[in-house]
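# Reading the structure
Chain residues, written in single-letter form:
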Amino acid sequence: MPRQKLDSTAISEKLATVPSWDIDAGETALSRTFKFADFSEAFGFMSRAALVAEKLDHHPEWKNVYRTVEVRLTTHDAGGLTILDFDLAIAMDHIAAGTGRQH
Ligand code: H2B
């Protein structure tokens, strides 16, 4: 049941695996701002993340301005956080770690 909404206990446990991400007060979304060396690195990150998103059939809300990418992850179908949000967050962390990310 990957698109089953996680309860508060499960969310707390999963949060420990994504320390670079923030959670909103209502525990409905994860967010992280990535900053890269330049636009090319930022867009490269987005391209690779897009392929993972398609594979998971789970898609980010995001915004790119030059070398910054703001990401928000939530599961619209569930109205909150599911395991898919954490899976995508971890995948994005790994992709960013292999690029010219600066912060
Ligand atoms: N992405 C996100 N973030 N939340 C969803 O609920 C969602 C999705 N649902 N990608 C998927 C697509 C669904 O619409 C398709 C039909 O599987």
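See the structure above.
Residues numbered from 1 in each chain as written. Predicted model: local features only at pLDDT ≥ 70, side-chain atom pairs only at ≥ 80, totals over all residues. Heavy atoms only, no water.

## A closer look at the packing of aromatic side chains
Considering all chains together, one arrives at five aromatic pairs under this definition. Between phenylalanine 34 and phenylalanine 36 the ring centres are 6.2 Å apart and the planes differ by 20°, which places this aromatic pair in the stacked class. Aromatic ring contacts, followed pair by pair, group Trp21, Phe34, Phe36 and Phe45 into a single cluster. (Phe/Tyr/Trp six-rings, centres within 6.5 Å; stacked < 30°, edge-to-face > 60°.)

## Some remarks on the nonpolar core
Of all hydrophobic cores here, the largest spans 21 residues; its most connected members are Trp21, Phe34, Phe45, Val69 and Met92. When contributions to this core are tallied by element, the ones reaching two or more residues are strand E2 (30-35), helix H2 (39-56), strand E4 (68-73) and helix H3 (83-97). Per-element accounting of this core gives the leading share, six residues, to H3. (Core = buried A, V, L, I, M, F, W, Y, C linked by side-chain atoms within 4.5 Å. Buried < 20%, exposed > 50% of the residue type's maximum accessible area, 1.4 Å probe, protein only. Helix = DSSP H or I, 4+ residues; strand = E, 2+ residues; numbered from the N terminus.)

## Re the site of the ligand
Taken together, the neighbourhood of the ligand is formed by Arg3, Asp57, His58, His59, Thr74, Thr75, His76 and Asp77. Contacts to the ligand include aspartate 57, whose side-chain N or O atom sits 2.3 Å from an oxygen atom. Between the ligand and histidine 59 there is a distance of 2.8 Å, counted from a nitrogen atom to a side-chain nitrogen or oxygen. Out of a free accessible area of 390 Å², the ligand has 67% covered by protein chains. The residue makeup of the shell around the ligand, split by class, is no nonpolar, five polar and three charged. (Near = heavy atom within 4 Å. Polar contact = N/O pair within 3.5 Å; in protein donor to acceptor, adjacent residues only side chain to side chain. Areas by Shrake-Rupley, 256 points an atom, 1.4 Å probe, with all protein chains shown as cover. Nonpolar A, V, L, I, M, F, W, Y, C, P; charged D, E, K, R; others polar.)

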